[in-house]
Structure formats: structure tokens, C-alpha cells
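Examining the three-dimensional arrangement
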Amino acid sequence: MAAFSALSRFIIANGMGDDVKEAFRNRPHLVDGAQGFVRMEVLSPLDRPEEIWLLTFWTDRDSFEAWHHSHLYRESHKGIPKGLKLVPGRTELIRFEHVCS
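First things first, this report covers the structure right here in the doc. Sequence order sets the numbering: in each chain, residues are counted from 1 along the sequence as written. Restriction of local features to residues with pLDDT of at least 70 applies here, the model being predicted, together with a cutoff of 80 or more for giving and counting side-chain atom pairs; totals for whole chains, interfaces and linings are based on all residues. The side-chain quantities take in all heavy atoms of the structure and omit both hydrogens and water.

This paragraph deals with unusual backbone geometry. Even without glycine at this site, His29 takes up a positive phi of about 60°. Relative accessible area serves as the criterion here: at 40%, His29 is assigned to the partly exposed category. We call a residue buried when its accessible area falls under 20% of the maximum for its residue type, exposed when it is over 50%, and partly exposed in between, using a 1.4 Å probe and counting protein chains only.

So, in C-alpha cells, the structure goes:
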């Protein structure tokens, strides 16, 4: 059972939503082997298809923080579509205590 979750939310500014979603479908799965990683869900609200929510589940916060500051984290972002623009000031990372499922 995951004890920590992180939600990364961002809004695509230049109509590249389909490209971003395809990049997630074809991601290199680098996080899958990270210590403490449980699973990842990529969501997009039906009424705001330009918005992406990346929800990851971890056994503990320290494992997430180690991943978030690792070279593999930076490497995992190399699949971001070229030319992608995000809405300034609308990107956020929210950390959660995972209470129960």
C-alpha cells in the first residue's frame, strides 16, 4: 500500500495535448524501477483536454524525493514533444499523505 502520492498538474498552451498524451503512452518507464515506486496514473479532465494530471504512488516520501532529484528523472523528460509550451504559472506539484484506498 502506498503511503505517499504526488500529483503533477500542467496545462498545455499550444495545442500539443495529443502529442503529450502519446509521449506518456510511449514513456521509457524509467520510474518503474525507482525504489519505493508503486504506480503511476496519467489523467486528463474530459472538459479540459489540454490539462494533464500525473499521479504517482510511492511507499514513502523519501523515495519520491530521491527520484524527483535524480538524473533518471531528468532523463525521463527527454521524451517531451519538441516545441511544447505550458501555461505559465499553472504548473504545480502537490504532495499527499496517502491515507487509504
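Buried Ala, Val, Leu, Ile, Met, Phe, Trp, Tyr and Cys residues that are joined via side-chain atoms within 4.5 Å together make up what is termed a nonpolar core. Core analysis: the biggest nonpolar cluster contains ten residues, these being Phe4, Ala6, Val31, Ala34, Phe37, Met40, Leu54, Trp58, Phe64 and Trp67. Elements are defined by DSSP. Helices are runs of H or I of four residues or more, strands are runs of E of two residues or more, and each kind is numbered from the N terminus. At the level of secondary structure, the elements contributing two or more residues to this core comprise β1 (4–11), β2 (37–43), β3 (51–58) and α2 (61–68). Contact criterion: two residues are considered in contact whenever any of their non-hydrogen atoms come within 4.5 Å of each other. The contacts of Phe37, once residues within four sequence positions are left out, are Val31, Asp32, Thr56, Phe57 and Trp58. Phe10, Met16, Val20 and Ile52 belong to the second largest nonpolar core, which has five residues in total.

Our next topic: the side chain of Glu51. Structurally, the position occupied by Glu51 is in strand β3. For Glu51, the side chain forms a polar contact with the side chain of Arg9, separated by 3.5 Å. Those residues in contact with Glu51, other than ones at most four positions away along the chain, are Arg9, Phe10, Ile11, Leu43, Ser44 and Pro45. Each polar contact in these results corresponds to two N or O atoms within 3.5 Å; when the atoms are within protein, one needs to be able to donate a hydrogen and the other to accept it, and residues that are neighboring in sequence are counted only if both atoms are side-chain atoms.

On to the layout of surface pockets. By volume, the largest pocket amounts to about 680 Å³. Cavities and pockets are defined on a 1 Å grid built over the protein atoms alone: a cavity is a set of grid points where a 1.4 Å probe fits but cannot escape, while a pocket is an open set with protein on both sides within 12 Å along at least five of seven lines, and lining residues are those with an atom within 4 Å of any such point. As for the largest pocket, its lining consists of 30 residues, of which Phe24, Leu54, Tyr73, Ser76 and His77 are closest to the centre. Contributions of two or more residues to the lining of the largest pocket are made by β1, α1 (17–25), β3, α2 and α3 (71–76). Grid points are joined across faces, edges and corners, and a volume is the space filled by probe spheres set on the points.

So, on to the packing of aromatic side chains. Each aromatic pair joins two rings of Phe, Tyr and Trp (for Trp, the six-membered one) with centres within 6.5 Å, and gets the label stacked for planes under 30 degrees apart, edge-to-face for over 60, and tilted for any other angle. Tallied over the full model, the rule gives four aromatic pairs. An angle of 40° between the planes, with centres 5.4 Å apart, marks the rings of Phe4 and Phe64 as tilted. Residue Phe4 is located in strand β1, and its partner Phe64 is located in helix α2; the two are separated by 60 residues in the primary sequence. When the ring of Phe37 is compared with that of Trp58, the centres are 5.3 Å apart and the planes differ by 75°; the resulting orientation is edge-to-face. Remark: Trp58 occurs in strand β3 and Phe37 occurs in strand β2; sequence separation between them is 21 residues. Each member of the pair, Phe37 as well as Trp58, carries the same accessibility label: buried. Ring-pair connections join several aromatic residues into one group, and the members of that group are Phe4, Phe37, Trp58 and Phe64. Looking at Arg39, its charged tip hangs above the ring of Phe57, at a distance of 3.8 Å from the centre. Criterion for a charge above a ring: Arg CZ or Lys NZ at most 6 Å from the ring centre, at most 35 degrees from the ring normal.

Here, a salt bridge means any side-chain nitrogen of Lys or Arg that lies within 4 Å of a carboxyl oxygen of Asp or Glu. Within the structure shown, the criterion is met by ten salt bridges. When the shortest N-O distance is used, the salt bridge between Glu51 and Arg48 registers 2.8 Å. The class of Glu51 is buried, set by a relative accessible area of 3%. The class of Arg48 is partly exposed, set by a relative accessible area of 31%. Where Glu75 meets Lys78, a salt bridge forms, and the shortest distance between an N and an O atom there is 3.3 Å. Take Glu75: its relative accessible area is 36%, and that puts it in the partly exposed class.

Keep in mind these numbers describe shape, not what the thing actually does.
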